[in-house]
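Understanding the architecture of this molecule
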Amino acid sequence: QDFAVARSAPARPTLGSPMGAATWYAIGNVLSSVAIVLVNKRVFAAGFHFPFTLSFFHFCFTVVFYRLLLACNLFELPSSPMPEADKFKVAFAGVASIGFMNVSLSLNSVGFYQVTKLTIVPVTLLINFYMYTVSTTHKVKLSLLILLAGVGIATVSDVDLRPLGLAFGVLAVLSTAMFQIWQGTKQKEYGMSGTQLQYSVSFYQALSSCGLSLAVESFCLAPQQLDGRGECSDSTMAFLSQWRAGRVPDGIVGTILATCFLALLVNWCSFGLIGKTSPITFQVVGHAKTCLVLIGGDVFFPLA
């Protein structure tokens, strides 16, 4: 008796498969990242231009959110607890990445800021190779080179470089690369999911951002932060006084709360995507997002 041998079709990625989950994380990361940029711009336009304080609110919201999930038995703690030193190390790298990127942008031109973002990929490859003996194929390296060259041509125009700005740019690249690498390695080392790692480091992220907020944004430290009467007008304390006096736009508290939800979603997708794939994939998704924004702007808002 003859038996027909049927060739099985390649299995499609499902939501429960690693590839399917990574795809949904990537889509969620792109959508939530674009959304939080737009909502953050509304917050800053309303006069609340304090990124460390806003990050502090975001991390506090994350801590409270997961505490509520634990209380409702909707969240499971990791079976292998992460040491406090590792929690602080990962958390501080994440907050330092935000801080150094913001300082680099304020000290350098937008062009150099884009260059620092592009260098995160090769720096991550080098750190992975020399510290974790993780290598990448030549085809992937060539693909990354083409991608970075294209994004660089599209986004980098003027590159105004200052020594102090260069120093903070280097710190921004190193802290960002290490934070993203640790997001992947710590999940594998302790058998944690992305949400469990996010929960584990959120308290120390809130603590670190609170310290930076108090040191940098809570009081007027420079003459340009004073108004014509010599009073502090550009600090979180001054903004709080204006809010109490009803001199800020209505709905600012609700808008800040919306950024907290979006920040939780951004971090959830970021931790999950890096855990399922790698920091390099996460960077590629980020550059793909930049390409989509540029293409969308050209399609929907063409130059006359």
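Residues numbered from 1 in each chain as written. Predicted model: local features only at pLDDT ≥ 70, side-chain atom pairs only at ≥ 80, totals over all residues. Heavy atoms only, no water.

This paragraph deals with the environment of F59. By the secondary structure assignment, F59 is in helix 2 (residues 51–71). Taking relative accessible area as the criterion, F59 reaches 6% and is therefore assigned buried. Sequence separation between F59 and S202 is 143 residues; the distance between their C-alpha atoms is 5.7 Å. Ignoring sequence-local partners within four residues, the contact set of F59 consists of V95, I98, S202, Q205, A206, S209 and N267. (Helix = DSSP H or I, 4+ residues; strand = E, 2+ residues; numbered from the N terminus. Buried < 20%, exposed > 50% of the residue type's maximum accessible area, 1.4 Å probe, protein only. Contact = heavy atoms within 4.5 Å.)

With that settled, consider the confidence of the model for the protein chain. Reading fine detail from the predicted coordinates is not recommended where pLDDT is low. Scored by pLDDT, the protein chain has a mean of 84; 84% of the residues are at 70 or more. Scored below 50 in pLDDT, residues 1–9 makes zero contacts in the model with residues more than four places away or belonging to other chains. (pLDDT = per-residue confidence, 0-100.)

Now for a nonpolar patch on the surface. Residues F219, M237, L240, W243 and V253 make up a contiguous nonpolar surface patch of about 480 Å² in total accessible area. It is helix 8 (residues 236–244) that provides the largest number of residues to the nonpolar patch, a total of three residues. Here W243 lies in helix 8. (Patch = residues over 30% accessible without salt bridge, like charges linked within 9 Å, V, L, I, M, F, W, Y side chains within 5 Å. Areas by Shrake-Rupley, 256 points an atom, 1.4 Å probe, with all protein chains shown as cover. Salt bridge = Lys/Arg side-chain N within 4 Å of Asp/Glu carboxyl O.)

Let us look at unusual backbone geometry. Phi angles above zero are rare outside glycine, and N73 is one such case at about 60°. Here N73 is to be found in the loop between helix 2 and helix 3 (84–107).

Next up on the list: the pattern of salt bridges. Summed over the entire model, instances satisfying the criterion amount to four salt bridges. Linking E84 and K87 is a salt bridge whose minimum nitrogen-to-oxygen distance equals 3.2 Å. Of this pair, E84 and K87 both sit in helix 3, three residues apart, which is roughly one turn of the helix. What makes E84 partly exposed here is its relative accessible area of 42%. Judged by relative accessible area, which is 17%, K87 ranks as buried. Of the charged contacts in the structure, one is a salt bridge between D86 and K89, with a shortest N-O distance of 3.5 Å. Of this pair, D86 and K89 both sit in helix 3, three residues apart, which is roughly one turn of that helix. Judged by relative accessible area, D86 falls into the buried class, the value being 12%. Residues joined by salt bridges that share partners form a network here, namely D86, K89, K186 and E189.

Per the counting criterion, the structure on display carries 17 aromatic pairs. On the basis of an interplanar angle of 45° and a centroid distance of 6.0 Å, the ring pair of F56 and F57 is categorised as tilted. In this structure F56 comes out as partly exposed when scored by relative accessible area, which is 22%. Note on F61 and F261: the rings are 4.8 Å apart at their centroids and 65° apart in plane angle, and the pair reads as edge-to-face. Pair noted here: F61 is in helix 2 and F261 is in helix 9 (residues 252–276), with a separation of 200 residues, a long-range link. (Phe/Tyr/Trp six-rings, centres within 6.5 Å; stacked < 30°, edge-to-face > 60°.)

With that settled, consider the side chain of N29. Along the chain, N29 falls in helix 1 (residues 18–45). N29 gets classed as buried once you look at its relative accessible area, which sits at 3%. Apart from residues lying up to four places away in sequence, N29 is in contact with V266, C269, S270, F282 and V285.

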